[in-house]
Amino acid sequence: KNKVFLHRFLNRFSDLLNTNFREELVLKKIEESVRFVLVGTTHPGNIGASARAMKNMGIRKMELVSPKDFPNEKAFYRAKSASDILEEATIYPDLGTSVSEAKLVIGTSARNRKVPWPKVSPKEAAQEIVKLCSQGEENIAVVFGREDRGLTNKELGFCNLHVHIPATDEYASLNLSQAVQILAYEIRLCGLKFQGSYERQEWDVPLAKNAEIERLISHFDEVMQEVGFYEVDNPRQLLTRTRRFFRRSKIDHLEANIFRGIFAAIQKKLKK
Ligand code: SAH
């Protein structure tokens, strides 16, 4: 009887240890893999406040796409003890370059678009992110827009998902750093609650990188023009819709290559 009890106790104990261990791994993985990209930020204070919001929640990588005024002491003033995040922040000329290696790009926007992008809540976005992290993916970007105009349609076109924070219709647009806070918090919550096993990779081939999909989209556009599918002067929303199709499909590296091969074969035949 005592033996059974001891056995149960040891099992329970190792379960507890295991859960903590996995949790810690996922939180570490989130820290290494997830970066927040701020596009065209006008006010340096918002960059600083965003850095603080991130660090509070264990997200350390910040990228700035052509910030208006950075570095600036106002950013450091608002960052308080998160100035290391600002010091390590990398600056890019455009969003395409910043997310070119990413496996998952999540855009945040208060606005609905004419051609809607697959929309998720902050919590659902966090679940996607943590799931990928737990499978060992290394490169995940969450993108935030300008204070005055948000993200352009072109920039949203690099994203796989659109996160909308369900604010009121009357005033749906949050301060940039507060939107950053909400996303960072949901990712943290999800990481803390994560119970699944820590798997390297559930798919047989790694996901395609953002830039690979971008090349696939341009190649597809080329072929569609060559076969005369688009009225080239008047593609209306067709290009956006085909782009959305490629962006929302979780295309892996091999699939991307197969389709590039198919497109090349079509082009070769057309030229004969
Ligand atoms: N009028 C702008 C609002 C920009 S607010 C617009 O057209 O989108 C600055 C940034 O904060 C946005 O680009 C977005 O990244 C984030 N943000 C603000 N409110 C949000 C909301 N309700 N849902 C998702 N992101 C939001």
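What you see is a predicted model; the values in this text were computed from it and never measured. (Residues numbered from 1 in each chain as written. Predicted model: local features only at pLDDT ≥ 70, side-chain atom pairs only at ≥ 80, totals over all residues. Heavy atoms only, no water.)

Chemist: What should I look at first to understand a nonpolar patch on the surface in this one?
Modeler: Together, Val227, Phe229, Leu254, Ile258, Phe259, Ile262, Ile266 and Leu270 give the surface a local cluster of nonpolar side chains, amounting to about 710 Å² of exposed area. Of note, Ile266 is situated in helix α11 (residues 253-271). (Patch = residues over 30% accessible without salt bridge, like charges linked within 9 Å, V, L, I, M, F, W, Y side chains within 5 Å. Areas by Shrake-Rupley, 256 points an atom, 1.4 Å probe, with all protein chains shown as cover. Salt bridge = Lys/Arg side-chain N within 4 Å of Asp/Glu carboxyl O. Helix = DSSP H or I, 4+ residues; strand = E, 2+ residues; numbered from the N terminus.)

Chemist: I keep staring at the pattern of salt bridges and nothing clicks. Help me out?
Modeler: Where charged atoms of side chains with opposite charge meet at close range, the side chains can pair. Inspection of the entire model under this criterion finds twelve salt bridges. In this structure, Arg60 engages Asp84 in a salt bridge whose closest nitrogen and oxygen atoms are separated by 2.5 Å. Placement of Arg60 in the loop between α2 (44-56) and β2 (61-65) and of Asp84 in helix α4 (residues 83-88) is noted, with a sequence separation of 24 residues between them. Two residues, Glu137 and Lys103, come together in a salt bridge whose shortest N-O distance is 3.2 Å. Remark: Lys103 occurs in the loop between α5 (95-98) and β4 (104-108) and Glu137 occurs in the loop between α6 (122-134) and β6 (140-144); sequence separation between them is 34 residues. Taken as a pair, Glu137 and Lys103 share a single burial class, namely buried. (Buried < 20%, exposed > 50% of the residue type's maximum accessible area, 1.4 Å probe, protein only.)

Chemist: Mind showing me how you'd approach the site of the ligand here?
Modeler: Residues in contact with the ligand amount to 19 residues; listed here are only the nearest, Thr108, Arg111, Ile165, Ala172 and Leu174. Within the contact set of the ligand, an oxygen atom lies 2.6 Å away from a side-chain nitrogen or oxygen of Thr108. Look at the ligand: alone it shows 540 Å² of surface, and the protein chains cover 94% of it. Within the shell around the ligand, the residues separate by chemical class into eight nonpolar, six polar and five charged. (Near = heavy atom within 4 Å. Polar contact = N/O pair within 3.5 Å; in protein donor to acceptor, adjacent residues only side chain to side chain. Nonpolar A, V, L, I, M, F, W, Y, C, P; charged D, E, K, R; others polar.)

Chemist: Can you help me understand the environment of Asn175 in this one?
Modeler: Mapping Asn175 onto the fold places it in the loop between β7 (161-163) and α8 (176-193). For Asn175, a relative accessible area of 30% puts it in the partly exposed group. For the pair Asn175 and Arg78, spaced 97 residues apart in the sequence, the C-alpha separation amounts to 14 Å.

Chemist: Help me out: how do you make sense of α6 in this one?
Modeler: Because the α-helix completes a turn every 3.6 residues, residues three or four places apart line up on one side. The terminal C-alpha atoms of α6, which comprises 13 residues, lie 18 Å apart, in line with the 18 Å expected from a rise of 1.5 Å per residue. Those residues of α6 lying buried are Pro122, Ala125, Ala126, Ile129, Val130, Leu132, Cys133 and Ser134. Phi for Gly136, located one or two positions after α6, is positive at around 95°. (Expected span 1.5 Å × (residues − 1).)

Chemist: What's the story with the nonpolar core in this structure? I'm lost.
Modeler: Nonpolar side chains tend toward joint burial in soluble globular proteins. Ranked by size, the top nonpolar core spans 44 residues in total, and within it Val34, Phe36, Met62, Ile129, Phe144 and Ile187 carry the most contacts. The element contributing the most residues to this core is α8, with seven residues. Apart from the residues lying within four places of it in its own chain, the contact partners of Met62 are Phe36, Leu38, Ile47, Ser50, Ala51, Met54, Ile85, Leu86, Ala89 and Thr90. Counting 15 residues, the second largest nonpolar core, distinct from the first, contains Val37, Val39, Leu95 and Ala102. (Core = buried A, V, L, I, M, F, W, Y, C linked by side-chain atoms within 4.5 Å. Contact = heavy atoms within 4.5 Å.)

Chemist: Would you mind going over the packing of α6 against α8 with me for this structure?
Modeler: For any two helices packed against each other, the geometry is given by the interaxial angle and the distance between the axes. Two elements in contact, α6 and α8, have axes whose closest approach is 8 Å; the angle formed by their N-to-C orientations is 55°. Relative to α8, α6 is oriented oblique. As for how α6 packs across α8, the hand of that crossing is right-handed. Together, Pro122, Lys123, Ala126, Gln127, Ile129 and Val130 of α6 and Ile182, Leu183, Glu186, Ile187, Cys190 and Gly191 of α8 make up the contact between the two elements. For the contact of α6 with α8, the per-class residue count stands at eight nonpolar, two polar and two charged. (Axes fitted to C-alpha atoms, helices over the stretch in contact; angles between N-to-C directions. Parallel < 35°, antiparallel > 145°, perpendicular 65-115°, else oblique. Left-handed = near helix turned anticlockwise from the far one by under 90°.)

Chemist: Looking at this structure, I do not really get the sheet that holds β6. What am I missing?
Modeler: The pairing of strands in a sheet comes from backbone hydrogen bonds and takes either a parallel or an antiparallel form. The strand order across the open sheet formed by seven strands is β3-β2-β1-β6-β4-β7-β5, and the pairing between neighbours is parallel. At either margin of the open sheet sits one strand with a lone partner, and together these are β3 (90-92) and β5 (119-120). Against the sheet, α2 touches β1 (34-39) and β2, its axis set at about 155° to β2. Packing of α8 onto the sheet brings it into contact with β1, β4, β6 and β7, and relative to β1 it is tilted by some 165°. (Pairing = 2+ DSSP bridges.)

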